[in-house]
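Remarks on the overall topology
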Amino acid sequence: MVSQPFPSIVTTSEMQAIEAAMFAAGLPIAALMEKVGQRLSDRLCCLYPVTTHPKVGVLAGPGHNGGDALVVARELWHRGYTVTVWQPFSRLKPLTADHAKYARFLGIPFTSEVAELATANLIVDGVFGFGLERSVSHELGAAFAQVNQWCVPRLSIDVPSGLCSDRGAVLGTAIQATRTLCLGLWKRGLLMDEALPWVGEAELLAFDIPATVIDNVLGTMPRRYCLDSQCWQLLPLARSPITHKYRQGQLLLIGGSARFGGSILLSALAARCTGVGMLVVAVPNSLKPLVLARVPDAIVVGCPETNTGAIAHLPADLDLQRVQAIACGPGLTTAATTVIEQVLAAGIPTVLDADGLNILAALSPWPLAAPLVLTPHLGEFRRLFPDLSAEGDRLEQVQAAAAHSNCLVVLKGARTAIATPAGNLWINPASTPALARGGSGDVLTGLIGGLLAQQELLHSTLGGVWWHAQAGLAAAKQWTTLGVYPERLVDALLPTLSAKKPDFL
Ligand SMILES: NC(=O)C1=CN([C@@H]2O[C@H](COP(=O)(O)OP(=O)(O)OC[C@H]3O[C@@H](n4cnc5c(N)ncnc54)[C@H](O)[C@@H]3O)[C@@H](O)[C@H]2O)[C@@H](O)CC1
Ligand SMILES: Nc1ncnc2c1ncn2[C@@H]1O[C@H](COP(=O)(O)OP(=O)(O)O)[C@@H](O)[C@H]1O
Ligand SMILES: [K+]
């Protein structure tokens, strides 16, 4: 278990209700704006010191996002930066108007020509936050496009201006941020795959929202959460000093074909990094020597083959009831329908991936007897849940899919989302495009499978998704985003874990 709840993800209306509850309880709006502005300024000074970024251009909007930006402008001015404010609006919210008045009193220059900010070393974007109600106007859009062309870091306050904070869609034109400091709680739209090119590096800047306020507004179920480094508390799995291999879980991996020989091997290499006690790998007969050569510790079961080199069926003497988990699908091809029927009938906790999912998609009704984790990428998801793909955005779709199928569904992508049948959702906010290459998903399947042989479904899945992405980040640091091929991803798994948990050595 993790010691704190994971940070919540909110919609605009939920965030507004949370702020309203704090204000109703007596916190002055101006006090919160000042606090937020100070925290933003402190973080900014750390990231972009005055010595390297002496000239700052501040884009200030009409609402409280603009108010925050003006507090930042004032603080930076006092801390020795040269600041210019671009404020193209004449009607401002009262608090924002007060900050604008005081900034002018201090002598901070204001302009309505965005081009005057072109020589800045840093742009602070405080035009719109979560209050954007409609598409940005043509003139404003043109200014945003101009700012986006400058070769300079752009720091967005709360949300890149122009981006919908609920759905992550661009409303006309948006500021393309290098970095976004999201205020208080994660806004849902920032964690959508399509928002990432606009959000840049996203970071949560907390401002001490009482947990009771969050719980009162969001209720208990269902909730959206953002994974964070607390996931390391789920890993590695505890091991008794007097344990033995049959107490450390037995995982059965099933996959591979003449066409796709390597993917199940990648899953096996990843699975053994989880410390699983016994690894059994079922592959077509012809792949047996390859797997044995690379994973000599595994029991490799050769299976009869179809004429296309897929597994025809699992051998009768393979006792599925002896294992604690099954991970099935990588490299299977869609010819292995019998295998999926055998696996699903066994009633063992199972991870289904790749062709395992494509075969399941063609079965009707789904013969589900066991707790299942489905790990589709978007293409597989569309095949699995064709009726859901037209409704809502991806997060709504994955939640609907989990409820509809009664399975834990992991929708893989830049920001992988995990949904339970009860409606709860977790998003992994940190990963790397280095993982966008064949075989990365096979590694994830093996990881979740190895963990699942030793503990329950949800923790195995959350821990596996987090560990996989963190290893990807570490590998990208060492070998660049071009060099994270799946074997290197596997090689990075244990060093990443031991760097986070030195006491585990
Ligand atoms: N009270 C505070 O001090 C706090 C401020 N925060 C900041 O406040 C922001 C939300 O403030 P607001 O609700 O004022 O929202 P915004 O600052 O996003 O501004 C909304 C204003 O812009 C106008 N507007 C909306 N869409 C427009 C468009 N397309 N073209 C022109 N004008 C448009 C609206 O009429 C409204 O006046 C957050 O994102 C955050 O930056 C909070 O994070 C923390 C608490
Ligand atoms: N742009 C990206 N950023 C972060 N992670 C990514 C990105 N693209 C893919 N991934 C991750 O890489 C893995 C790819 O899995 P998958 O598509 O099943 O590949 P394969 O079947 O070839 O192994 C998933 O875990 C996914 O979340
Ligand atoms: K903004």
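Residues numbered from 1 in each chain as written. Chains lettered and ligands numbered in written order. Predicted model: local features only at pLDDT ≥ 70, side-chain atom pairs only at ≥ 80, totals over all residues.

What follows is about the UniProt feature "binding site: K(+)" (unreviewed entry) in the protein. The feature "binding site: K(+)" (unreviewed entry), as annotated in UniProt, sits at Asn65, Asp125 and Ser161 in this numbering. With the annotated positions falling across 97 residues, the maximum pairwise C-alpha distance of 9.3 Å places them together in a single cluster. Note on placement: asparagine 65 falls in helix α3 (residues 64-78). Using a count of 26 C-beta atoms within 10 Å as the deciding quantity, one classes asparagine 65 as buried. The residues contacting asparagine 65, other than those within four sequence positions of it, are Gly126, Val127, Phe128, Gly129, Gly131, Ile157 and Asp158. Looking at the element boundaries, aspartate 125 is found in strand β5 (residues 122-126). Among residues more than four places away in sequence, those in contact with aspartate 125 are Leu59, Arg154, Leu155, Ser156, Ile157, Pro160, Ser161, Ile175 and Ala177. (UniProt positions renumbered as here; feature names shortened; annotations may be inferred. Helix = DSSP H or I, 4+ residues; strand = E, 2+ residues; numbered from the N terminus. Buried ≥ 20, exposed ≤ 12 C-beta atoms within 10 Å, placed from the backbone. Contact = placed C-beta atoms within 7 Å.)

Attention now goes to the site of ligand 1. As a structural note, the neighbourhood of ligand 1 is formed by 27 residues, with Met33, Gly63, Asn65, Gly129 and Gly131 the closest of them. Elements with a minimum of two residues in the shell around ligand 1: α2 (29-47) and α3. The residue inventory of the shell around ligand 1, partitioned by class, reads 11 nonpolar, 10 polar and 6 charged. (Near = placed C-beta within 6 Å. Nonpolar A, V, L, I, M, F, W, Y, C, P; charged D, E, K, R; others polar.)

Another aspect to go through is the confidence of the model for the protein. In the predicted model, the protein carries a mean pLDDT of 96, and the fraction of residues at 70 or more is 100%. Here the predicted complex carries an ipTM of 0.89, next to a pTM of 0.94. (pLDDT = per-residue confidence, 0-100.)

By secondary structure assignment, the location of asparagine 121 is in the loop between β4 (110-111) and β5. Judged by C-beta crowding, with 16 C-beta atoms within 10 Å, asparagine 121 ranks as partly exposed. When the C-alpha positions of asparagine 121 and lysine 55 are compared, they lie 5.2 Å apart, and in sequence the two are 66 residues distant. Aside from chain neighbours lying at most four places away, what touches asparagine 121 is His53, Pro54, Lys55 and Val152.

Another aspect to go through is the packing of helix α14 (residues 440-452) against helix α16 (residues 486-500). Axis separation between α14 and α16 bottoms out at 9 Å; the angle between their running directions is 35°. Crossing of α14 against α16: the hand is right-handed. On α16, the residues that touch Ser440, Asp442 and Val443 of α14 are Pro486, Leu489 and Val490. The class makeup of the residues in the contact of α14 with α16 is 4 nonpolar, 1 polar and 1 charged. (Axes fitted to C-alpha atoms, helices over the stretch in contact; angles between N-to-C directions. Left-handed = near helix turned anticlockwise from the far one by under 90°.)

Attention shifts here to the site of ligand 2. Taken together, 17 residues surround ligand 2, and among them Ser431, Leu435, Ala436, Ser440 and Gly441 come closest. When its residues are assigned to classes, the shell around ligand 2 shows 6 nonpolar, 9 polar and 2 charged.

Attention shifts here to the sheet that holds strand β2 (residues 55-60). Strand pairs in the sheet, formed through backbone hydrogen bonds, run parallel or antiparallel to each other. Strand order in the open sheet made by the 7 strands is β4-β3-β2-β5-β6-β7-β9, with parallel pairing throughout. Single-partner strands in this sheet number two, and they are β4 and β9 (201-205). In this sheet, strand β6 (residues 154-157) lies alongside β5 in parallel orientation, the contact comprising 3 bridges. Residue pairing for β6: valine 124 is matched across the bridge by leucine 155. (Pairing = 2+ DSSP bridges.)

Our focus in this paragraph is the domain arrangement of the protein. Along its sequence, the protein is carved into domain 1 (9-221) and domain 2 (244-499). For domain 1 and domain 2, the distance between their C-alpha centroids amounts to 40 Å. Each side of the interface is counted separately: domain 1 has 8 residues, and domain 2 has 9 residues. Its residues placed into classes, the side of domain 1 that touches domain 2 shows 6 nonpolar, no polar and 2 charged. (Domains from an automatic or database assignment.)

Quick look at the environment of alanine 312 now. Topologically, alanine 312 is positioned in the loop between β13 (299-303) and β14 (325-328). Sequence-wise, alanine 312 and leucine 40 are 272 residues apart; in three dimensions their C-alpha atoms are separated by 60 Å. In this structure, alanine 312 is in contact with Cys303, Pro304, Glu305, Thr306 and Thr338, ignoring residues within four places of it in sequence.

Our next topic: the sheet that holds strand β11 (residues 250-254). Sheet architecture is open: 10 strands sit in the order β10-β19-β18-β17-β16-β15-β14-β11-β12-β13, paired in mixed fashion. Single-partner strands in this sheet number two, and they are β10 (224-226) and β13. Between one strand and the next, the sheet's axes are offset by a mean angle of 15°, whatever the strand orientation. Inspection of the sheet shows β11 paired to strand β12 (residues 278-284) by 5 bridges, in the parallel sense. The residue bridging leucine 253 from the neighbouring strand is valine 281, located in β12. The strands touched by helix α15 (residues 457-479) within the sheet are β16 (372-374), β17 (408-411), β18 (417-419) and β19 (425-427), with β17 carrying the most contacts at an inclination of about 10°.

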